[in-house]
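# Structural characterization, general
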Amino acid sequence: MAAKKESSFFNMVSTLLIVTLTAGITLGAVFILTEDPIEKAKKQKQEKAIKAVLDDFDRIESKNIKSAYDENQDLVFNVAYKGDQFVGVAIETFTNNGFGGTIKLMIGLSPDGTINNISVLEHKETPGLGDKMEKSKSDWSEQFNGKKGKVALKKNGGEIDAITAATISSNAFIDAVNRAIETFEQNKGGI
Amino acid sequence: MTALQNFTKGFIRENPVFSLLLGMCPTLGVTTSAINGLGMGLATAFVLVMSNLSISLVKNAIPDKVRIPAFVVIIASFVTVVELVMQGFVPALYEQLGLFIPLIVVNCIVLGRAEAFASKNTVLPSIIDGLSMGLGFAFALTLLGSVREFLGSGAIFNIKIIQTDMMLLFVLAPGAFFVLAYLIALMKKLNKKTK
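Residues numbered from 1 in each chain as written. Chains lettered and ligands numbered in written order. Predicted model: local features only at pLDDT ≥ 70, side-chain atom pairs only at ≥ 80, totals over all residues. Heavy atoms only, no water.

### Focus on the overall build of chain B
- Scanning chain B from N- to C-terminus turns up 8 helices and 2 strands.
- Its helices and strands in sequence order give chain B the pattern α-α-α-α-α-α-α-β-β-α, from N to C terminus.
- A globule of 195 residues ought to have a C-alpha radius of gyration of about 16 Å, and chain B, at 17 Å, matches this closely.
- C-alpha atoms of chain B, sized along the principal axes, occupy 60 × 45 × 25 Å.
- Counting only residues that meet the buried cut, chain B has 48% of its 195 residues in that class.
- Of the contacts formed within chain B by residues at least 6 apart in sequence, a portion of 72% connects residues at least 24 apart.
- Carbon together with sulfur atoms contributes 73% to the accessible area of chain B, which is approximately 9,000 Å² in total.
- Computed over 14 positive and 8 negative side-chain charges, the separation of the two mean positions in chain B equals 14 Å. (Helix = DSSP H or I, 4+ residues; strand = E, 2+ residues; numbered from the N terminus. Rg over C-alpha atoms; globule rule 2.2 N^0.38 Å. Buried < 20%, exposed > 50% of the residue type's maximum accessible area, 1.4 Å probe, protein only. Contact = heavy atoms within 4.5 Å. Areas by Shrake-Rupley, 256 points an atom, 1.4 Å probe, with all protein chains shown as cover. Lys, Arg positive; Asp, Glu negative; His and termini not counted. Charge placed at Lys NZ, Arg CZ, Asp CG, Glu CD.)

### Here we look at the overall build of chain A
- Looking only at helices and strands, one finds 2 helices and 5 strands in chain A.
- Tracing chain A from N to C terminus, the helices and strands come up as α-β-β-β-β-β-α.
- A compact globule built from 191 residues should have a C-alpha radius of gyration of about 16 Å, whereas chain A, at 23 Å, is more than 25% larger.
- On the principal axes, the C-alpha backbone points of chain A span a range of 75 × 45 × 30 Å.

### Digging into helix α7 (residues 123-153) of chain B
- Counted at 1.5 Å a residue, the expected span for α7 of chain B with its 31 residues is 45 Å, and the 43 Å between its end C-alpha atoms agrees.
- Looking at the residues trailing α7 of chain B, positive phi occurs at Gly154 of chain B, about 75°. (Expected span 1.5 Å × (residues − 1).)

### Focus on the pairing of strand β2 (residues 74-82) of chain A
Residue and element names in this part refer to chain A.
- Here strand β1 (residues 59-66) runs beside β2; their pairing, made up of 8 bridges, is antiparallel. Directly across from Glu61, in β2, lies its bridge partner Val79.
- Counted between consecutive antiparallel strands, the loop separating β2 from strand β3 (residues 85-98) contains 2 residues, among which Gly83 sits at a positive phi close to 65°. (Pairing = 2+ DSSP bridges.)

### Side note on the interface of chain B and chain A
- Facing 27 residues of chain B, the contacting portion of chain A comprises 27 residues.
- Of the roughly 2,300 Å² buried where chain B meets chain A, counting both sides, 77% is carbon and sulfur surface.
- The largest share of the area that chain B buries against chain A comes from Asn60, Pro63 and Leu84 of chain B, three residues that together contribute 24% of it.
- The interface formed by chain B and chain A contains 0 salt bridges. (Buried area = accessible area lost by both parts, 1.4 Å probe. Salt bridge = Lys/Arg side-chain N within 4 Å of Asp/Glu carboxyl O.)

### Details of the packing of helix α1 (residues 9-53) of chain A against helix α4 (residues 67-89) of chain B
- Where α1 of chain A meets α4 of chain B, the axes come as close as 8 Å, and the angle between the chain directions of the two elements is 10°. Classed by the angle they form, the pair α1 of chain A and α4 of chain B counts as roughly parallel. Taken together, the residues of α4 of chain B that come into contact with α1 of chain A (itself represented by Leu16, Val19, Thr20, Ala23, Leu27, Val30, Phe31, Thr34, Pro37, Ile38, Ala41 and Lys42 of chain A) are Pro69, Ala70, Val73, Ile74, Ser77, Thr80, Val81, Leu84, Val85, Gln87, Gly88 and Phe89 of chain B.
- The class makeup of the residues in the contact of α1 of chain A with α4 of chain B is 17 nonpolar, 6 polar and 1 charged. (Axes fitted to C-alpha atoms, helices over the stretch in contact; angles between N-to-C directions. Parallel < 35°, antiparallel > 145°, perpendicular 65-115°, else oblique. Nonpolar A, V, L, I, M, F, W, Y, C, P; charged D, E, K, R; others polar.)

### Thoughts on the layout of surface pockets
- Of the pockets and cavities examined, the second largest pocket occupies roughly 320 Å³.
- Broken down by class, the residue content of the lining of the second largest pocket amounts to 11 nonpolar, 5 polar and 1 charged. (1 Å grid on protein atoms, 1.4 Å probe; cavity = no way out; pocket = protein on both sides within 12 Å on 5 of 7 lines; lining within 4 Å. Points joined across faces, edges and corners; volume = space filled by probe spheres on them.)

### Focus on the packing of aromatic side chains
Residue and element names in this part refer to chain A.
- In total, this model carries 6 aromatic pairs over all chains according to the counting rule given.
- One aromatic cluster is present, built from ring pairs that chain together Trp140, Phe144 and Phe173.
- The residue whose ring lies beneath Arg179 is Phe94, and the NZ or CZ to ring-centre distance is 4.3 Å. (Phe/Tyr/Trp six-rings, centres within 6.5 Å; stacked < 30°, edge-to-face > 60°. Lys NZ or Arg CZ within 6 Å of the ring centre and 35° of its normal.)

### A look at the confidence of the model for chain B
Residue and element names in this part refer to chain B.
- Of the residues in chain B, 98% reach a pLDDT of 70 or more, and the chain-wide mean stands at 85.
- The weakest mean pLDDT in chain B belongs to helix α5 (residues 91-97) at 76; the strongest belongs to α7 at 90.
- Scored as a whole, the predicted complex attains pTM 0.74, and scored at its interfaces, ipTM 0.70. (pLDDT = per-residue confidence, 0-100.)

### Remarks on the sheet that holds strand β4 (residues 101-109) of chain A
Residues and elements named next belong to chain A.
- Strand order in the open sheet formed by 5 strands is β1-β2-β3-β4-β5, and the pairing between neighbours is antiparallel. At either end of the open sheet lies a strand with only one pairing partner, and these are β1 and β5 (115-122). Taking each pair of neighbouring strands and ignoring which way they run, the sheet shows an average axis angle of 25°.
- As defined by bridge partners, β4 adjoins β5 across 6 bridges and the pair is classed as antiparallel. Looking at β5, one finds that Leu109 is bridged to Ile115.
- α1 rests against β1, β2, β3, β4 and β5 of the sheet, and its axis sits at about 150° to β5.
- Helix α2 (residues 167-186) rests against β1, β2, β3, β4 and β5 of the sheet, and its axis sits at about 140° to β3.

Printed below as a string of structure tokens:
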């Protein structure tokens, strides 16, 4: 077995150079190898999310539209067509008011603005409380389906029941929904 | 120490979580459910084996004074490789664990084993050590996750066992500390008996 290398200045610099160089080349290679699969996986995930909130379409056109309430942010409108007919739009919307920060939703609207379905893309709400907004955890988000126009909690004069013990999460969810609806209303002609 | 002893030490006697108290950050943060604990444990085990393997191979080529930065670079590279490969080829698993994978880098078990074991031993024992510690970590996290998931939501591995509302506290951060404390006490007792 070779003896341990001495900690001379040259040895230290050269070793670190070799280690970091090897690491850099390896990571670069792995990145190139996985770039396409990662892109594909992301696209699939997005398509799946759109399919979950819109029923029947055969073509999607995505565009960025300035968000209502917040001029600096864009919402992604995935406009769905069947043949040449406009059959709905899946909007990627968000709110920063969640209990754990940002919540991202995909909300499907039919051409007249009625909510078709909503799915949660990303959230950091408390497990067991706020995470009931996920379809896999409870059917809380189903009550939005079929509603038209802006929504609000019952205690604020609306029709939506809050998640028990998670009013902040419920309000944040509603904020994201209203953001999408408001933006849709403002841009109706442009779609 | 025989190979078998080397392999079994990670589970109880030198369990990284219950006995060495290393890697508390992922331990407390990730274990809200059994499946999260298992996934994080297995990902860590993989990185541990790979980093122990490569560090025991190159240990003589690395001067003592720069060994820590060299080890950190090696470990971080493996973690990034795991993250990219998972993201590309098993996106479903990545979605569950994505947030926690970069945390493996800061897990002191990995650097701890590199420093305490792999840098002083040959390749085969180092691999066994990595496997033992990694699986011991996975075992501890799965146990912790199962107890918390059961007490908090009445389920284990998402399978409902009790239908009523449970003590939500155990899924939240304080529950992690409670359960961990009791499990450590239990393990200490078991350890004393076997001695």
